[in-house]
4 protein chains.
Amino acid sequence: QCVVMAGPGAIESRRQLERIAAALVDRGVRVLSGNVLPRYDNPYGFQGLGEEGLQMLREIADRYGLMTISEVANPAHLPLLVQYVDLIRVGGRHLKDYGFLRALARQPKPLLLTRDPASTIEESLISADFLLSEGNPHVALCEAGIRTFETYTRLTLDLAAPATIRRLSHLPVVVDPCSAAGRRDRVLPLSRAELASGIDGLLLDLHDDPDHALSDGAQALTLEQFHQLMDQFDQLAPIVERWG
Amino acid sequence: QCVVMAGPGAIESRRQLERIAAALVDRGVRVLSGNVLPRYDNPYGFQGLGEEGLQMLREIADRYGLMTISEVANPAHLPLLVQYVDLIRVGGRHLKDYGFLRALARQPKPLLLTRDPASTIEESLISADFLLSEGNPHVALCEAGIRTFETYTRLTLDLAAPATIRRLSHLPVVVDPCSAAGRRDRVLPLSRAELASGIDGLLLDLHDDPDHALSDGAQALTLEQFHQLMDQFDQLAPIVERWG
Amino acid sequence: QCVVMAGPGAIESRRQLERIAAALVDRGVRVLSGNVLPRYDNPYGFQGLGEEGLQMLREIADRYGLMTISEVANPAHLPLLVQYVDLIRVGGRHLKDYGFLRALARQPKPLLLTRDPASTIEESLISADFLLSEGNPHVALCEAGIRTFETYTRLTLDLAAPATIRRLSHLPVVVDPCSAAGRRDRVLPLSRAELASGIDGLLLDLHDDPDHALSDGAQALTLEQFHQLMDQFDQLAPIVERWG
Amino acid sequence: QCVVMAGPGAIESRRQLERIAAALVDRGVRVLSGNVLPRYDNPYGFQGLGEEGLQMLREIADRYGLMTISEVANPAHLPLLVQYVDLIRVGGRHLKDYGFLRALARQPKPLLLTRDPASTIEESLISADFLLSEGNPHVALCEAGIRTFETYTRLTLDLAAPATIRRLSHLPVVVDPCSAAGRRDRVLPLSRAELASGIDGLLLDLHDDPDHALSDGAQALTLEQFHQLMDQFDQLAPIVERWG
């Protein structure tokens, strides 16, 4: 069964989160995502709402009966996240930062560990294994694309990776098609493909007004696209589950 | 609607082709593939049956009411292929061999042009365009994986490529998951994924006894896997078609 | 003029540093490098000496009249480094960690910013530019290899990068051939090549007993290789300088 | 000792070849290169002079006492080349075309086998080994760049490859920096680097008027750059030879 998680690249306001949360509830999606410190490539852009954003995320999620996931920007950021969110996403750049991974392993929240764009499946598994061995039994892996010579999409999803990870481990695999594509017009086909291939989770950038998003707008689904994707998801999911 | 094409990496015998053709007919697959000159990486292996193999392919295909596709090994091989097969596959290594592409454009059979593992989508489109402009109106593109640093699979399927090609052109897109994966245990998830993403054709290596195949056995589906994949295909295809 | 910097991947003991420092002084090398927190791929290996190691580095460097460079493991590590070292190396995984880069820009020590194995030259330049604009005028870039499909070496040095960076900016370029190669038997040809191509600095892993190194031993030069490389360096450098 | 080979991407006229040949003789370069059928990426560009070009190449080379090298475009082209040139270059796209490699192995001229941009060192060595085992004892390998995500240069030279090939085999290694860079302003640093690293040959695109070249002009050295490179070469070569 594939768990969908969705929300804005950057939390901007209560109103934004509410509109997105309402759409999630409408489609039976149970996890609201949102970040409060900068994740991506623009040093001059919006730098996030910090703790205020986490408070908003918690408040709206509670009101709508949702769980929350947020990315941990750096070690100093961890205590704050632990306080507010249900699941912690670890960015690919920390994949081999074993000191930080140790700290992550020793806090109680489940972890979603992102493969770095230059790392092999094996390197992801070594780091996941380290988290497990250091004491956190709840670890999932996130595929968000690897760097290749093709430039139509920001990164290339390694389509065979989920099946490979499932064969080599018992870890759940989540896919982040928005970060990989870098553009929303590829997200639906990528999402359907990953779902049909067999994955445990799908993490989507979703924005109520992506053209005016303060961060990562180009890769965020519109609410309309989200509904279209969930329609397709609802048709695909029962078939895919039958295949086991 | 996604057209399935399947057959052995190398044609070995009438008996082999008959068993495979019977399986295709059983599942409503209409195109039998098979090669008669070496395609791949082993210079010391089986070197193919040559014209005798093409005769077998034609004969069995006619008996079972199937169309045929075969890869053209080099320019000297072309006249023979034109005589025997319905569709001609052009390997990635010829992608920029414009002299040869001109000859291919000037014969009447439809062409399936394979992207080279080191070529961009744009470079594929330039070559396809050249074929069209030189006079062959029947050109489809084949994605068979690009070379990346990940080594669990031989090549990495660029999952976003079919959607990108469809957006930039009107050319049909076929995917060859067996060559990309290099191992049969990844082919089912890759095939389902590509089908759900939206493609026009699927080209499969299929062998009645892949463990004893004279060529490319590791990446060929067994008959049992083929039936399993076609079961999944039959469930997915009607849904995917609805999405257009 | 190309500045050589050399030292152990991990500082292990005073005795180790002294033997290495003596070799540096013997060859006119002016910068001693050494790390005290884990940099690389082995979570189960030696985890570094921490502040004790920095004290050793400072003490030995002072005794031998050398400058020091060390890699900053994470933001919490920065105040300690600022206290003890002359130059701070920033690892590739922090290349887009703009919060941390801001902190690095606002401390007084010169910075050596490493290109991430999945980042383009342009992305390196954007981050360097950010450091400059945030207030640190002393920034150099470090090429330590990019991830490609070739696996004989850990990473592939992008040989054209120094010339490209020099054309696009005024930043000095340092090359780290040991991290790129991952094996000491390729370091001499790589170093000579980079020197002849035209670079501003060379950062070498050097160990007095690499077969028993606690970290990164496979890529560290022996003292004998170091002397051999410096012999070649002494022959090449005057010629290269003439070319400007 | 590093052998320099140089000439135009495409042979255009006697006058062109004469001006280039004169420059070669002036600098002690002994091998004139030039192609007569299209090598590269432009299907709409100049398609080469064919046999007439080979006659010119032979005639000018004889007049100036030079040897000749030319790339073989396809199997049908081989008999013509054998008749006119001293060395045959085999493009990367033929690296695994074992039928063609067998024909190449069975003709008497020495071969320069180019690594494909998507092929590993190991795959190059397998093909070189095949040429040797099929009967041609004169095989050298040519590094002309591999495809990576960096786009400032057309391809990335795998700087460690020559040292790796020399360690794994006894085959000479030639480097083609112009094809790899795709732009002449990187060729001097790349050439000096490869020379200092240790190679057996350097193959250069050289044109008397590259801005008006009919093919590959952007990557061809001007005569002025050629003289500048040869000046540097003359300073470097004696030192490099001493290192063995």
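Residues numbered from 1 in each chain as written. Chains lettered and ligands numbered in written order. Predicted model: local features only at pLDDT ≥ 70, side-chain atom pairs only at ≥ 80, totals over all residues. Heavy atoms only, no water.

*Asks:* Break down the overall build of chain A for me, citing the residues and quoting the values.
*Replies:* Looking only at helices and strands, one finds 9 helices and 8 strands in chain A. Since a compact globule built from 244 residues should have a radius of gyration of about 18 Å, the 17 Å found for chain A is in line with a globular shape. By the burial criterion, 65% of the 244 residues in chain A qualify as buried. The long-range share in chain A, meaning contacts at least 24 apart out of those at least 6 apart in sequence, stands at 67%. Total accessible area computed for chain A in this model is approximately 8,400 Å², and 50% of it derives from carbon and sulfur atoms. In chain A, 24 positive and 32 negative side-chain charges are present, and the distance between their average locations comes to 1 Å. (Helix = DSSP H or I, 4+ residues; strand = E, 2+ residues; numbered from the N terminus. Rg over C-alpha atoms; globule rule 2.2 N^0.38 Å. Buried < 20%, exposed > 50% of the residue type's maximum accessible area, 1.4 Å probe, protein only. Contact = heavy atoms within 4.5 Å. Areas by Shrake-Rupley, 256 points an atom, 1.4 Å probe, with all protein chains shown as cover. Lys, Arg positive; Asp, Glu negative; His and termini not counted. Charge placed at Lys NZ, Arg CZ, Asp CG, Glu CD.)

*Asks:* Break down the pairing of strand E6 (residues 139–143) of chain B for me, with residues and values.
*Replies:* Residue and element names in this part refer to chain B. Burial within E6 is extensive, with 5 of its 5 residues counted as buried. By the alternation rule, side chains of E6 split into Val139, Leu141 and Glu143 and Ala140 and Cys142, which are all buried. Examined bridge by bridge, strand E5 (residues 111–114) and E6 share 4 bridges and lie parallel to one another. Within E6, the position partnered with threonine 114 by the bridge is cysteine 142. With helix H5 (residues 121–133) bridging E5 and its parallel neighbour E6, the resulting β-α-β unit is right-handed. One crossover worth recording links E6 to the parallel strand E7 (residues 173–175) by way of helix H6 (residues 161–168), and it is right-handed. (Pairing = 2+ DSSP bridges. Right-handed = clockwise from strand over helix to strand, strands pointing away.)

*Asks:* So, the relation of the copies chain B and chain A: which residues are in play, and what are the values?
*Replies:* Least-squares fitting of chain B to chain A yields an RMSD of 0.0 Å, with the transformation described by 0.0 Å of translation along the axis and a rotation of 180°. Expressed as a symmetry operation, the mapping of one chain copy onto the other fits a two-fold axis. The rotation axis passes nearest to the C-alpha of alanine 193 of chain B in chain B, at a distance of 1.9 Å. When the interface residues of chain B are mapped onto chain A, 100% of them are again interface residues, pointing to one common binding face. (Least-squares fit on C-alpha atoms with pLDDT ≥ 70 in both.)

*Asks:* Kindly report on helix H6 (residues 161–168) of chain D, identifying the contributing residues and their values.
*Replies:* Residues of H6 of chain D that are buried include every one of Ala161, Pro162, Ala163, Thr164 and Ile165 of chain D, and no others. Contact partners of the buried residues in H6 of chain D: helix H8 (187–197) of chain C together with helix H5 (121–133), strand E6 (139–143), strand E7 (173–175) and helix H8 (187–197) of chain D.

*Asks:* Tell me what's going on with the confidence of the model for chain A, and back it up with residues and numbers.
*Replies:* When pLDDT is averaged along chain A, the result is 94, and 98% of the positions lie at 70 or above. Taken together, the chains of this predicted complex give a pTM of 0.94 and an interface ipTM of 0.94. (pLDDT = per-residue confidence, 0-100.)

*Asks:* Could you give an account of unusual backbone geometry, naming the residues involved and the relevant values?
*Replies:* All names here are of chain B. You will see that aspartate 216, though not glycine, has its phi angle at about 55°, which is positive. By the element assignment, aspartate 216 lies in the loop between strand E8 (201–205) and helix H9 (223–243). A relative accessible area of 18% means that aspartate 216 is categorised as buried.

*Asks:* Summarise the interface of chain B and chain A; cite the residues concerned and give the values.
*Replies:* Contacts between the two partners involve 39 residues from chain B and, on the opposite side, 39 residues from chain A. Between chain B and chain A, roughly 3,400 Å² of surface is buried when both sides are summed, and carbon and sulfur atoms account for 67% of that area. At the boundary of chain B with chain A, the tally comes to 4 salt bridges. Inspection of the region where chain B meets chain A yields 14 residue pairs in polar contact (both at pLDDT 80 or more). Only H5, H6, helix H8 (187–197) and H9 of chain B provide two or more residues apiece to the side of chain B that touches chain A. Class assignment for the residues of the side of chain B that touches chain A results in 18 nonpolar, 10 polar and 11 charged. (Buried area = accessible area lost by both parts, 1.4 Å probe. Salt bridge = Lys/Arg side-chain N within 4 Å of Asp/Glu carboxyl O. Polar contact = N/O pair within 3.5 Å; in protein donor to acceptor, adjacent residues only side chain to side chain. Nonpolar A, V, L, I, M, F, W, Y, C, P; charged D, E, K, R; others polar.)

*Asks:* I'd like a rundown of the pairing of strand E3 (residues 67–72) of chain D, residues and numbers included.
*Replies:* Residues and elements named next belong to chain D. For E3, a buried count of 5 out of 6 residues is recorded, marking the element as mostly surrounded by other parts of the structure. As judged from the 4 bridges shared by E3 and strand E4 (residues 87–90), these two strands associate in the parallel manner. Of the residues in E4, the one forming a bridge with isoleucine 69 is leucine 87.

*Asks:* Could you give me a rundown of the sheet that holds strand E7 (residues 173–175) of chain C, with the residues and numbers involved?
*Replies:* Neighbouring strands of a sheet are bound in pairs by backbone hydrogen bonds; such pairs are parallel or else antiparallel. Spatial ordering of the closed barrel is given by E1-E2-E3-E4-E5-E6-E7-E8 (chain C), a layout of 8 strands whose pairing is parallel. Strand-to-strand twist across the sheet, computed as the mean angle between neighbouring axes with direction ignored, equals 25°. (Axes fitted to C-alpha atoms, helices over the stretch in contact; angles between N-to-C directions.)

*Asks:* Which residues make up the side chain of asparagine 35 of chain C, and what are the values?
*Replies:* All names here are of chain C. Locating asparagine 35 in the fold gives a position in the loop between strand E2 (31–33) and helix H2 (51–64). In this structure the side chain of asparagine 35 is engaged in a polar contact, spanning 2.8 Å, whose partner is the backbone nitrogen of glutamate 71. In this structure asparagine 35 touches Pro8, Gly9, Ala10, Ile11, Ser70 and Glu71, once residues within four positions along its chain are discounted.

*Asks:* Mind laying out the nonpolar core, listing which residues take part and the relevant values?
*Replies:* Judged by nonpolar contacts, the single largest core of 145 residues is most densely connected at Leu104 and Leu204 of chain C together with Leu104 and Leu204 of chain D. Beyond its immediate stretch of four places on either side in the chain, leucine 204 of chain C contacts Val4, Met5, Ala6, Gly7, Ser33, Pro177, Cys178, Val187, Ser191, Leu221, Phe226 and Leu229 of chain C. Listed in part, the 144 residues of the second largest apolar core include Val72 and Phe130 of chain A together with Ala23 and Leu95 of chain B. (Core = buried A, V, L, I, M, F, W, Y, C linked by side-chain atoms within 4.5 Å.)

*Asks:* Explain the sheet that holds strand E2 (residues 31–33) of chain A residue by residue, including any values.
*Replies:* Residue and element names in this part refer to chain A. One closed barrel accounts for 8 strands, arranged E1-E2-E3-E4-E5-E6-E7-E8; its pairing is parallel. Ignoring which end each strand starts from, the neighbouring axes of this sheet average 25° apart. One ladder, built from 2 bridges, connects strand E7 (residues 173–175) with strand E8 (residues 201–205); its direction is parallel. Within E8, the residue paired with valine 175 across the bridge is leucine 202. Along the sheet face, helix H5 (residues 121–133) touches strand E5 (111–114) and strand E6 (139–143) and points at about 160° away from the line of E6.

*Asks:* Can you tell me about the packing of helix H9 (residues 223–243) of chain C against helix H9 (residues 223–243) of chain D, naming the residues and giving the values?
*Replies:* At a minimum axis distance of 11 Å, the contact between H9 of chain C and H9 of chain D shows a crossing angle of 175°. Between H9 of chain C and H9 of chain D, the angle falls in the class roughly antiparallel. Seen from H9 of chain C, the contacting residues are Gln232, Gln235, Leu236, Ile239, Arg242 and Trp243 of chain C; seen from H9 of chain D, they are Gln232, Gln235, Leu236, Ile239, Arg242 and Trp243 of chain D. When grouped by side-chain class, the residues that make up the contact of H9 of chain C with H9 of chain D number 6 nonpolar, 4 polar and 2 charged. (Parallel < 35°, antiparallel > 145°, perpendicular 65-115°, else oblique.)

*Asks:* Give a detailed account of the state of the cysteines, specifying residues and quantitative values.
*Replies:* Scanning the entire structure with this criterion turns up 0 disulfides over all chains. Free of any disulfide, cysteine 2 of chain A has its nearest neighbouring cysteine sulfur in cysteine 142 of chain A, separated by 12 Å. In this structure cysteine 178 of chain C is not part of a disulfide, and its nearest cysteine sulfur, from cysteine 142 of chain C, lies 11 Å away. Residue class for cysteine 178 of chain C comes out buried when judged on its relative accessible area of 0%. (Disulfide = S-S within 2.5 Å.)

*Asks:* Before we move on, could you go through the environment of isoleucine 165 of chain B and cite the residues and values that matter?
*Replies:* All names here are of chain B. Inspection of the secondary structure assignment puts isoleucine 165 in helix H6. Along the primary structure isoleucine 165 and threonine 114 are separated by 51 residues, whereas in three dimensions their C-alpha atoms are 13 Å apart. Ignoring any residue separated from it by four or fewer positions in sequence, one finds isoleucine 165 in contact with Ile121, Leu125, Leu141, Glu143, Leu171 and Val173.

*Asks:* Give a description of the packing of aromatic side chains that names residues and reports values.
*Replies:* Residue and element names in this part refer to chain C. Counted under the stated rule, the structure contains 4 aromatic pairs over all chains. Centre to centre, the rings of tyrosine 98 and phenylalanine 130 are 5.3 Å apart; their planes meet at 75°, and the pair counts as edge-to-face. Placement of tyrosine 98 in helix H4 (residues 98–105) and of phenylalanine 130 in helix H5 (residues 121–133) is noted, with a sequence separation of 32 residues between them. Each of the two residues, tyrosine 98 as well as phenylalanine 130, counts as buried. (Phe/Tyr/Trp six-rings, centres within 6.5 Å; stacked < 30°, edge-to-face > 60°.)

*Asks:* Outline the side chain of aspartate 176 of chain D, supporting the account with residue identities and numerical values.
*Replies:* Residue position: aspartate 176 of chain D is located in the loop between E7 and helix H7 (177–181). Within the local environment of aspartate 176 of chain D, its side chain forms a polar contact with the side chain of serine 179 of chain D, the two groups lying 2.7 Å apart.

*Asks:* Quick one: what's the story with the pattern of salt bridges, residue by residue and with numbers?
*Replies:* Using the criterion set out here, one finds 90 salt bridges over all chains in the structure. The residue arginine 93 of chain B makes a salt bridge to aspartate 97 of chain D at a minimum N-O spacing of 3.5 Å. Of this pair, arginine 93 of chain B sits in the loop between strand E4 (87–90) and helix H4 (98–105) while aspartate 97 of chain D sits in the loop between E4 and helix H4 (98–105), on two different chains. No difference in accessibility class separates arginine 93 of chain B from aspartate 97 of chain D, as the two residues are buried. Measuring nitrogen to oxygen at the nearest pair gives 2.9 Å for the salt bridge that ties arginine 186 of chain D to aspartate 185 of chain D. A relative accessible area of 2% places arginine 186 of chain D in the buried class. The class for aspartate 185 of chain D is partly exposed, based on a relative accessible area of 25%. Through salt bridges with shared partners, a single network forms among Arg14, Glu18, Glu59 and Arg63 of chain A.

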